[in-house]
Amino acid sequence: MTGADVFVLAGPPGSGKGTQAKLLAPKLRVPHISLGDLLREAVRNKTNVGEVAKGYLDAGKLVPDQVAIDVAEEAVNKKECNNGFVIDGFPRTVEQAKLFDGLIGKLGFNLKKVLYIDISLEEILRRLTGRRSCSKCGAVYHVQFNPPKCEDICDNCGGPLRQRHDDTAEVIKVRYEVYKEQTYPMMEYYRKTGKLARIDGSKPVNEVFKEVSKAVAS
Ligand code: AP5
């Protein structure tokens with residue numbers, strides 16, 4: 001894995017980190033790691049991590065840094081990641097960023113870019129209240145911007161589409177405040193290292209992806 005490239009997707013809730021990561025990972029032929037998905041899976045499976053994480057996820061707050069780094073470390077240590085990976089939702093505090101930099105340095109990866117997808121709170125509310133996710137394969141839809149062919153049924157696998165527990169207007173506002181206070185300072189941390197690329201996330205998915213691809217190639 002020496003020198004294999006790592007790309008981080010960062011940004012406020014609903015900015016499209018997951019959507020872009022799902023496009024970028026196959027293009028680069030590397031795995032996509034989503035910390036949010038791993039935590040939700042741990043909650044569903046009632047693991048020790050899941051028991052700790054549940055209350056934080058439901059409230060829209062961040063799980064403790066050490067829990068997040070432990071989950072991320074287990075994921076990036078898998079051999080599928082040997083040729084690099086795309087990770088979304090991690091790191092999301094300055095402390096996590098420092099721990100992550102140490103971890104990938106120790107494992108011999110190269111943090112190539114932090115792709116910071118930026119959008120307004122108004123757009124975040126529109127996107128998250130309309131988001132639906134497949135409970136079987138994880139595909140993500142939007143009732144208006146990217147609707148499935150049949151209402152509430154996944155186009156890919158026929159699984160039922162669900163709204164996330166934390167996608168209520170009330171919890172979205174908490175997540176946004178948490179983002180401003182705890183995650184936004186991390187952008188400054190990475191800007192200083194020259195690794196940050198800001199992407200305008202307000203455009204349609206394919207246009208955002210063009211910008212992401214340009215930043216990845218630069
Ligand atoms: P996580 O699952 O990472 O949630 P989030 O950061 O709030 O981000 P989202 O998944 O809601 O949004 P996204 O940016 O991926 O947008 P998406 O592509 O789906 O984390 C959940 C929770 O886990 C946290 O609150 C915390 O408790 C915990 N956690 C996770 N990581 C942690 C960490 N590192 N430390 C501590 N705690 C952690 O798009 C949203 C919608 O918009 C979709 O419907 C999509 O179809 C649509 N859409 C996307 N792009 C566009 C576009 N360009 N135009 C129109 N619609 C679009």
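Just so it is clear, the model here is predicted, and its values are computed rather than measured.

Conventions we followed
Residues numbered from 1 in each chain as written. Predicted model: local features only at pLDDT ≥ 70, side-chain atom pairs only at ≥ 80, totals over all residues. Heavy atoms only, no water. Near = heavy atom within 4 Å. Polar contact = N/O pair within 3.5 Å; in protein donor to acceptor, adjacent residues only side chain to side chain. Areas by Shrake-Rupley, 256 points an atom, 1.4 Å probe, with all protein chains shown as cover. Helix = DSSP H or I, 4+ residues; strand = E, 2+ residues; numbered from the N terminus. Nonpolar A, V, L, I, M, F, W, Y, C, P; charged D, E, K, R; others polar. Pairing = 2+ DSSP bridges. Axes fitted to C-alpha atoms, helices over the stretch in contact; angles between N-to-C directions. Parallel < 35°, antiparallel > 145°, perpendicular 65-115°, else oblique. Left-handed = near helix turned anticlockwise from the far one by under 90°. Contact = heavy atoms within 4.5 Å. Expected span 1.5 Å × (residues − 1). Buried < 20%, exposed > 50% of the residue type's maximum accessible area, 1.4 Å probe, protein only. Arc of directions from axis to C-beta.

Remarks on the site of the ligand
Taken together, 37 residues surround the ligand, and among them Thr19, Lys61, Arg92, Arg131 and Arg175 come closest. The backbone of Lys61 places a nitrogen or oxygen atom 2.5 Å from an oxygen atom of the ligand. A distance of 2.8 Å separates an oxygen atom of the ligand from a polar atom in the backbone of Tyr141. Across the complex, the protein chains shield 96% of the 1000 Å² of accessible surface that the ligand would expose by itself. Elements that contribute at least two residues to the shell around the ligand include exactly helix H1 (17–28), helix H2 (35–44), helix H3 (48–59), helix H6 (121–129), strand S6 (140–142) and helix H8 (205–217). Class assignment for the residues of the shell around the ligand results in 17 nonpolar, ten polar and ten charged.

Looking at the sheet that holds strand S5 (residues 131–134)
A sheet is described by the order of its strands in space; here three strands give the open sequence S6-S5-S7, paired in antiparallel fashion. The open sheet has two edge strands, S6 and strand S7 (161–162), and neither has a second partner. Strand direction decides the pairing type here: S5 and S7, joined by two bridges, are antiparallel. Across the sheet, Ser133 pairs through a bridge with Arg162, a residue of S7.

Remarks on the packing of H1 against H8
Packing of H1 against H8 leaves a shortest axis separation of 10 Å and a crossing angle of 50°. Classed by the angle they form, the pair H1 and H8 counts as oblique. Crossing geometry of H1 relative to H8 is assigned as right-handed. Contact residues: Thr19, Gln20, Leu23, Leu24, Lys27 and Leu28 in H1; Val205, Val208, Phe209, Val212, Ser213 and Val216 in H8. Looking at the contact of H1 with H8 residue by residue, the classes come out as eight nonpolar, three polar and one charged.

Observations regarding the sheet that holds strand S8 (residues 196–200)
Taken together, the five strands give an open sheet; going across it, the order is S2-S3-S1-S4-S8, and neighbouring strands pair in parallel fashion. A single partner strand is all that each edge strand has here, and the edge strands are strand S2 (32–34) and S8. Along the sheet, successive strands turn relative to each other by an average axial angle of 20°, direction set aside. As defined by bridge partners, strand S1 (residues 5–10) adjoins strand S4 (residues 110–118) across six bridges and the pair is classed as parallel. Considered in S4, the bridge of Leu9 is made with Leu115.

Some details on H1
Count 3.6 residues to each turn of an α-helix, and residues three or four apart come out pointing the same way. Given a rise of 1.5 Å per residue, twelve residues ought to cover 16 Å, and the 16 Å separating the end C-alpha atoms of H1 matches this to within 8%. For H1, the full list of buried residues reads Lys17, Gln20, Ala21, Leu24 and Ala25. Projected down its long axis, H1 carries its buried residues within an arc of 130°, all on one side. Exposed positions of H1 whose direction lies more than 90 degrees from the buried face are Pro26 and Lys27.

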